Amino acid sequence: MENVLRPLTVIGGSVVLTLLVGWAVDRLLQRADRRHPETPLWGLLRRCRLPYQLVLCAALLRGSYDQAELARDHTAAIGRLLSLVLIGATAWLVMRIATAIVESSYARYAHQHRDPERVRRVRTQVTLIQRIVTAVVGVVAVAAMLLTFPAFRAAGASLLASAGIVGIVAGVAAQSTLGNLFAGFQIAFGDMVRIGDTVVVDGEWGTIEEVTLTYLTVRTWDERRITMPVSYFTSMPFENWSRGGAQMTGTVYFHLDHSAPMDAMREQLHAILLECPAWDGRNWGLAVTDTTPSTLQVRAVVTAKDADDIWTVRVTVREHLIRWLTDEHPYALPRVNTAPAAPVPDTDAVSLTRAGRPPRTGRG
C-alpha cells in the first residue's frame, strides 16, 4: 500500500501545489493590473503563468522524485529528463518575462511621447534588444542542457582549448552573417532606419515593416514584402523619406503647348488643392521649368504631411488638371505640327542655273 501511496502523494502533491501557487500568482497579477492601469506590465506578466507553473512543477518533482521510489531502475534517466524540462521551462519563463518588460516599457514610452520619429526609433531598438535576449537565453539553455550529460562535461576542457581555432574558422566561414549581425547593431543604435520609415531602395518605394539582426522587411505600396540584408543599408545609398520629419514636398510635371494659359492653370491648381483633404496647406506653386521647340515643361509643387498623403495629392492634381485642360482648354495640350514635305530639287538644274546657263529640257 505504501508503494502506491508514496508516489501518488509526491506526484499529486507537486501538481496540486503547482496549480494552487499558479492560481494565487495569477490573482495577484490581476489585482495589480486593476490598481495600476497606466502600465501594461502586470497584464503582460500573466502570460507567464504556464511556464511558471512548469518550472515550479519540474522543480518540485526534481527535488522529491527520489522520495517517490518509483521506477528505481531508471532514477538517473528520469532525473536527467526532469532537469532538462526544468532548464527549458526556466528559459521559456525568462524569455516571457523579458518580452513583457520590453513591451511594457515601449508602451509607456509611446504613451508619454507623441513624437512619431522618436517612438519608431525606440520601437526598433527594443525589438532588437528583445531578439538579442531571446537568442542569448536560448544559447545558454542549450549549453546548460548539454552539460547535464557526463560526456559533454568530460569534453568541456578540450572544447575550451579549441575554442580559439573554431572561432577563427567560424568567423571566416560566416563572414557575411557576422557582417549582417554587426550591421544590425549599427542600424538599431545608429538610428539609420526605423520601423515605420518610408524608404526607397533599388527603385522600390515602401515602409520598413520588420527589423532583425540580419535582415529588414520592406512593405511596398502594392502589399509586397521585400527582404533585404541589413548590410545593404550600411553599404549602399538609399532614400529615407521619414528622416528629419514626415512632411513631404512633391512635384507633378506637364508637357503642354506654348499657348497654355498659365495664370488660369495656377488658379485651377489652387482650387484643386483646396478641395483635396491630403494637402496640408503649407505650400504650392506652378512654374514653367523648361521649353522645347514644340512644348513647355510645367511643374506643379505641392506639400503634404507624410509620404502617403503626398502620393494622393500628386495623383489628384495630375488627374484633375489634365481633365480641366481637356474640357476647357484643349488647345493647350501637346500637338504634333505637320506640313507638306518640300520636293527634292533637280541637282543638275540647280547647278546650271547658278552658272548662268538655262537647263536642257529635252534630247538633241
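Please refer to the structure higher up on the page.
First, a word on what this report is: a plain description of the structure on this page. Given the structure is predicted, the values throughout are model-derived calculations rather than measurements.

This brings us to the overall build of the protein. Counting its secondary structure elements, the protein contains 13 helices and eight strands. The long-range share in the protein, meaning contacts at least 24 apart out of those at least 6 apart in sequence, stands at 66%.

Turning our attention to the packing of helix α11 (residues 262–274) against helix α12 (residues 307–328). Closest axis-to-axis distance for the α11/α12 pair is 10 Å, and the angle between their directions is 135 degrees. Relative to α12, α11 is oriented oblique. α11 and α12 meet at a crossing whose hand is right-handed. Note on element contacts: α12 touches α11 through Val 313, Thr 316, Val 317, His 320, Leu 321, Trp 324 and Leu 325, opposite Ala 264, Met 265, Gln 268, Leu 269, Ile 272 and Leu 273.

Moving on, we come to the pattern of salt bridges. The tally for this structure, following the rule as stated, stands at 10 salt bridges. The salt bridge partner of Asp 263 is Arg 266, with a shortest N-O separation of 3.2 Å. With Asp 263 and Arg 266 both in helix α11 and three residues apart, this pair spans about one turn of that helix. Sharing partners across several salt bridges, the network here consists of Glu 209, Arg 219, Glu 223 and Arg 225.

A few words on the nonpolar core. Counting 26 residues, the largest nonpolar core has Phe 254, Met 265, Val 298, Val 313, Val 317 and Leu 321 as its most contacted members. Mapped by element, the contributors of at least two residues to this core are β6 (248–256), α11, β7 (279–291), β8 (296–304) and α12. Counting residues per element, this core draws most heavily on α12, at six residues. When sequence neighbours within four positions are dropped, the list of residues in contact with Val 313 reads Leu 273, Cys 276, Ala 278, Trp 279, Val 302, Thr 303 and Ala 304. In this structure, Leu 128, Val 193, Val 211 and Val 230 belong to the second largest nonpolar core, which totals 14 residues.

Burial analysis of β8 places seven of its nine residues in the buried class, the great majority of the element. Of the strand pairs in this sheet, β6 and β8 are connected by nine bridges, and their pairing is antiparallel. When the sheet's bridge partners are listed, Leu 256 is paired in β8 with Leu 296. As defined by bridge partners, β7 adjoins β8 across eight bridges and the pair is classed as antiparallel. From the neighbouring strand, Thr 291 faces β8, where its bridge partner is Leu 296. Count of turn residues in the β7/β8 antiparallel hairpin: four residues.

This part takes up the sheet that holds strand β5 (residues 239–240). Spatially, β4-β3-β2-β1-β5 is the arrangement adopted by the five strands of the open sheet, whose pairing is antiparallel. The open sheet has two edge strands with one neighbour each: β4 (225–229) and β5.

The next subject is the sheet that holds β6. Pairing within the open sheet is antiparallel, and its three strands lie in the order β6-β8-β7. Unpaired on one side and paired on the other, β6 and β7 mark the two borders of the sheet. Across the sheet, the mean angle from the axis of one strand to that of its neighbour is 20 degrees, orientation sign disregarded. Across the sheet, α11 lies against β6, β7 and β8, angled at about 155 degrees from β7, the strand it touches most. Contacts from α12 reach β6, β7 and β8, with the element oriented near 20 degrees to β6.

Attention shifts here to a positive patch on the surface. Among the surface-exposed residues, Arg 27, Arg 31, Arg 34 and Arg 35 lie close enough to one another that they form a single positively charged patch. On the secondary structure map, Arg 35 appears in helix α1 (residues 2–35). Judged by its relative accessible area of 62%, Arg 35 is exposed.

Conventions adopted
- Residues numbered from 1 in each chain as written.
- Predicted model: local features only at pLDDT ≥ 70, side-chain atom pairs only at ≥ 80, totals over all residues.
- Heavy atoms only, no water.
- Helix = DSSP H or I, 4+ residues; strand = E, 2+ residues; numbered from the N terminus.
- Contact = heavy atoms within 4.5 Å.
- Axes fitted to C-alpha atoms, helices over the stretch in contact; angles between N-to-C directions.
- Parallel < 35°, antiparallel > 145°, perpendicular 65-115°, else oblique.
- Left-handed = near helix turned anticlockwise from the far one by under 90°.
- Salt bridge = Lys/Arg side-chain N within 4 Å of Asp/Glu carboxyl O.
- Core = buried A, V, L, I, M, F, W, Y, C linked by side-chain atoms within 4.5 Å.
- Buried < 20%, exposed > 50% of the residue type's maximum accessible area, 1.4 Å probe, protein only.
- Pairing = 2+ DSSP bridges.
- Patch = residues over 30% accessible without salt bridge, like charges linked within 9 Å, V, L, I, M, F, W, Y side chains within 5 Å.
- Areas by Shrake-Rupley, 256 points an atom, 1.4 Å probe, with all protein chains shown as cover.
- Lys, Arg positive; Asp, Glu negative; His and termini not counted.
- Charge placed at Lys NZ, Arg CZ, Asp CG, Glu CD.

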